[in-house]
Amino acid sequence: MSQESQHGKWTLSDSDEDNVIPPTPPKKPNVKPDPERRANAVNTVTKPKPKSEPSIKSEEISAPPMGSEARQAAHLNQSNPVKYKNSSSPAAKRKRETDEGGWNLSSSDDDAPSSAPKVKPRQSRPGPPPKKKIEDKRPPSPHGPAYYKEEPSDFFEANLSAVSDTYRFYLNKVTGIEKKYNTGALHIKEILSPMFGTLKESVQFNYCFDIPWMVKQYPPEFRDKPVTIVHGEKRESKARLIQQAQPYSHIRFCQAKLDIAFGTHHTKMMLLWYEEGFRVIILTSNMIQADWYQKTQGLWMSPLYPRLPEGSPETAGESRTHFKRDLLEYLRAYRAPELAEWIERIKEHDLSETRIYLLGSTPGRFQGPDMEKWGHLKLRKLLIEHTCPVQKAEQWPVIGQFSSIGSMGLDKTKWLAAEFQRTLTTLGKASSSSSPGTSVLLVYPSVDNVRTSLEGYPAGGSLPYSIQTAQKQLWLHSYFHRWKAEVSGRSSAMPHIKTYMRASPDFSQLAWFLVTSANLSKAAWGALEKNNTQMMIRSYELGVLYLPSAFDMSSFPVEKNIFPVSSSSAGFPVPFDLPPPHYSSKDQPWIWNIPYTQAPDTHGNIWVPS
């Protein structure tokens, strides 16, 4: 079938409609259920290692592919190497004969730009250069040494004086960018290090886990402390997860109940119990190596919460944002005995210093007052109660930025421009209906964003927008804006972070800012049912909402120089450039399960579905 739009044309060949099983990797892949898409397996192609790289150690690429089919496609990039200039494999040839099986690339794409040169294969040197001795002591690159970007020697050394405590919002460190853009950013090893507390026990909530890698991120002195893993795996994938943990007696599991079809446990949170107190981390990274090196990710780190005096009432230690109440309610929603001890533990701590609002989603069908506990109706409630109307509010655009897209319906009125836009455009009690005149800018990487990124085409494995979903909602693509993040030095680090905000007409102020695990989907945010009397949510999600009133401000000024981090700055560190640039006529949104063969990525590779 063929469909056309202003953003190009795609063709689905007969072979695309069959699920082609890729070659079996060394270990059985951990395929995730996908609430919004059903896509085909993919073969991807890579180039041989350049001369300057040492031979790849087997342990650096032998980890099983994890996550969705799109992530497995990126993993298979390592197992089927084919060069761009020599892409005459049967799969590549067949796909080119079917007009690329996807978006037509413009004629300008036929020539490889200077940013993606053809790299000739060369023979490796007999041994690694001496400087690699230091690098060998560090965690390997998510794509092996051939993709390893040189990093400063202090990559894993956080400077607390450079950590801003105003908003407590941080980006993850990224390899392959200027050092100044990592000053004040955090890596997982630092988050779990003794400089933030003497760890006694922890809980890791996440969607995707590589348990052996996760254990290594804890410092040696904390590596045997009890860890509870909260996950949503079932059947075979659950068995594989448990098998991963066999060598680690200190790990136990808590399975999140997913009673509604196609729901996922997408929340990403750490609960850290220290000798000195308790801390919460809410983040956007999966607990796998590939999410922590060359992607743009974000997190909120709570203050260190001290223990309350003995005999304090249960209501003690609450913040003005009711964070303690909302966190306990979120944990109770799991209905899990494994979390009961943590619920009691949190009650015993003082969370009063918290200045953000917790915004979660939990699976279920909710009616009455419960409709406003979760999802976008909880966001709407908070915006009504804790923000104020502004003059000419229709000129304040809403910005949504995400890494995956669900099915929005046949047109924008089915959900996006109806109930969801009504929530996003709410400002104060006077906001009673959707503001149709308000611009909604959606930031999602283009094909060219992915192609020229640090990771190249494999970065698209974390951007699982499928052709099956995209072809049903061509109307959505007129909303799209490119990823550009010069302000954070991360234009080439593809976003896995998810952020939503309301900006002033000149983009210098924010009415609010949200960082969350929730992508642009009804499964994550919820959808109204039964004539708007019921809210249905499929998945677990979690984020933090920044409202100026909790900081005794009328709006957040947008920080123009977010790196290096300054503890004295009052500006909010939006991680990408404002305003975001609109797609050009030649731009197409990245779609993971169609081929891109007419131009190589930054590593000289192409991307070919089989």
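Residues numbered from 1 in each chain as written. Predicted model: local features only at pLDDT ≥ 70, side-chain atom pairs only at ≥ 80, totals over all residues. Heavy atoms only, no water.

## Regarding helix 10 (residues 375–386)
Each full turn of the α-helix corresponds to 3.6 residues, which orients residues three or four apart in the same direction. Let me state the cut-off plainly: Runs of H or I in DSSP of at least four residues are treated as helices and runs of E of at least two as strands, each being numbered from the N terminus. How far a helix is expected to stretch is found by multiplying one less than its residue total by 1.5 Å. Relative accessibility decides the category of a residue: with a 1.4 Å probe and only protein chains considered, values under 20% of the type maximum give buried, values over 50% give exposed, and everything between is partly exposed.
Spanning twelve residues, helix 10 covers 17 Å between terminal C-alpha atoms, matching the ideal 16 Å at 1.5 Å per step. Burial in helix 10 covers these residues: Gly375, His376, Leu377, Lys378, Leu379, Arg380, Leu382 and Leu383.

## Comments concerning the packing of aromatic side chains
Put simply, the rule is: Each Phe, Tyr or Trp ring, with Trp reduced to its six-membered ring, pairs with another whose centre is within 6.5 Å; inter-plane angles below 30 degrees give stacked pairs, above 60 give edge-to-face pairs, and intermediate values give tilted ones.
One pass over the structure, following the stated rule, counts 34 aromatic pairs. Relative to phenylalanine 572, the ring of phenylalanine 169 has its centre 5.8 Å away and its plane inclined at 20 degrees; by these criteria the two rings are stacked. Here phenylalanine 572 lies in the loop between strand 25 (556–557) and strand 26 (607–609) and phenylalanine 169 lies in strand 6 (residues 169–171), a separation of 403 residues in the sequence. Take phenylalanine 169 and phenylalanine 572: they sit in the same class, and that class is buried. On the basis of an interplanar angle of 55 degrees and a centroid distance of 5.7 Å, the ring pair of phenylalanine 480 and tyrosine 583 is categorised as tilted. Of the two residues, phenylalanine 480 is situated in strand 18 (residues 480–481) and tyrosine 583 in the loop between strand 25 and strand 26; the sequence distance between them amounts to 103 residues. Phenylalanine 480 sits in the buried class, given a relative accessible area of 0%.

## A few points about the packing of helix 10 against helix 11 (residues 416–424)
Where we set the bar: Each axis is a line fitted through C-alpha atoms, and for a helix only the stretch in contact is used; angles between axes span 0 to 180 degrees, taken between their N-to-C directions. Each crossing is labelled by how the near helix is turned from the far one, with a counterclockwise turn of less than a right angle marking it left-handed and a clockwise turn marking it right-handed. In what follows, a contact means two residues having at least one pair of non-hydrogen atoms within 4.5 Å.
Where helix 10 meets helix 11, the closest approach of the two axes is 8 Å, and the angle between their N-to-C directions is 35 degrees. Where helix 10 crosses over helix 11, the handedness of that crossing is left-handed. Of the residues in helix 11, those touching helix 10 at His376, Leu377, Leu379, Arg380 and Leu383 are Glu419, Phe420, Arg422, Thr423 and Leu424.

## Regarding the environment of lysine 189
Rule in force here: Polar contacts, as counted here, are pairs of nitrogen or oxygen atoms within 3.5 Å of one another; within protein the pair requires one atom able to donate a hydrogen and one able to accept it, and residues that are adjacent in sequence qualify only if both atoms are side-chain atoms.
Turning to its location among the elements, lysine 189 is positioned in helix 5 (residues 188–191). Relative accessible area serves as the criterion here: at 25%, lysine 189 is assigned to the partly exposed category. Along the primary structure lysine 189 and tyrosine 218 are separated by 29 residues, whereas in three dimensions their C-alpha atoms are 6.4 Å apart. Separated by 3.2 Å, the side chain of lysine 189 and the backbone oxygen of lysine 216 make a polar contact.

## Observations concerning the sheet that holds strand 11 (residues 278–283)
Either a parallel or an antiparallel arrangement is found when strands of a sheet pair, and the pairing is made through backbone hydrogen bonds. Note the cut-off: By this definition, two strands are paired if DSSP reports at least two bridges between them.
The strand order across the open sheet built from seven strands is 6-13-11-10-7-8-9, with neighbouring strands paired in mixed fashion. Pairing within the sheet leaves two strands with one partner each, and these edge strands are strand 6 and strand 9 (251–255). Averaged over neighbouring strand pairs, the angle between their axes works out to 20 degrees when direction is ignored. Both strand 8 (residues 227–231) and strand 9 contribute to a ladder of five bridges, which runs parallel.

## With respect to the pattern of salt bridges
To be explicit about the condition: Whenever a carboxyl oxygen of Asp or Glu lies within 4 Å of a side-chain nitrogen of Lys or Arg, that contact is scored as a salt bridge.
Per the stated rule, a full pass over the model turns up 19 salt bridges. We note a salt bridge from arginine 307 to glutamate 348, for which the minimum N-O separation is 3.1 Å. On the criterion of sequence distance, the pair formed by arginine 307 in the loop between strand 13 (298–301) and helix 8 (323–332) and glutamate 348 in the loop between helix 9 (340–347) and strand 14 (357–361) is long-range, its members being 41 residues apart. Its relative accessible area of 34% is what places glutamate 348 among the partly exposed residues. Among the charged side chains, a network of salt bridges with common partners joins Glu201, Glu341 and Arg345.

## A short note on the pairing of strand 20 (residues 498–503)
Burial of strand 20 is extensive: six of the six residues sit out of reach of the surface. Here strand 20 shows no split at all, with Lys498, Tyr500 and Arg502 on one side and Thr499, Met501 and Ala503 on the other all buried. For strand 16 (residues 398–401) and strand 20, the ladder comprises four bridges, and the chain directions are antiparallel. Directly across from isoleucine 399, in strand 20, lies its bridge partner methionine 501.

## Points about the environment of histidine 250
Its location among the elements puts histidine 250 in the loop between helix 7 (235–244) and strand 9. Counting along the chain gives 26 residues from histidine 250 to aspartate 224, while the straight-line C-alpha distance between them is 6.0 Å. Among residues more than four places away in sequence, those in contact with histidine 250 are Val215, Arg223, Asp224, Lys225, Pro226 and Val227. Within polar-contact distance, the side chain of histidine 250 engages the backbone oxygen of arginine 223 at 3.0 Å.

## A short note on the sheet that holds strand 22 (residues 527–529)
With antiparallel pairing, three strands are arranged side by side in an open sheet as 15-23-22. Two strands lie at the open edges of the sheet, namely strand 15 (364–367) and strand 22, each paired on one side alone. Across the sheet, the mean angle separating the axes of adjacent strands is 30 degrees when strand polarity is ignored. Across four bridges, strand 15 lies against strand 23 (residues 534–537) in antiparallel orientation. Each residue of the ladder has a partner; that of glutamine 367, found in strand 23, is glutamine 534.

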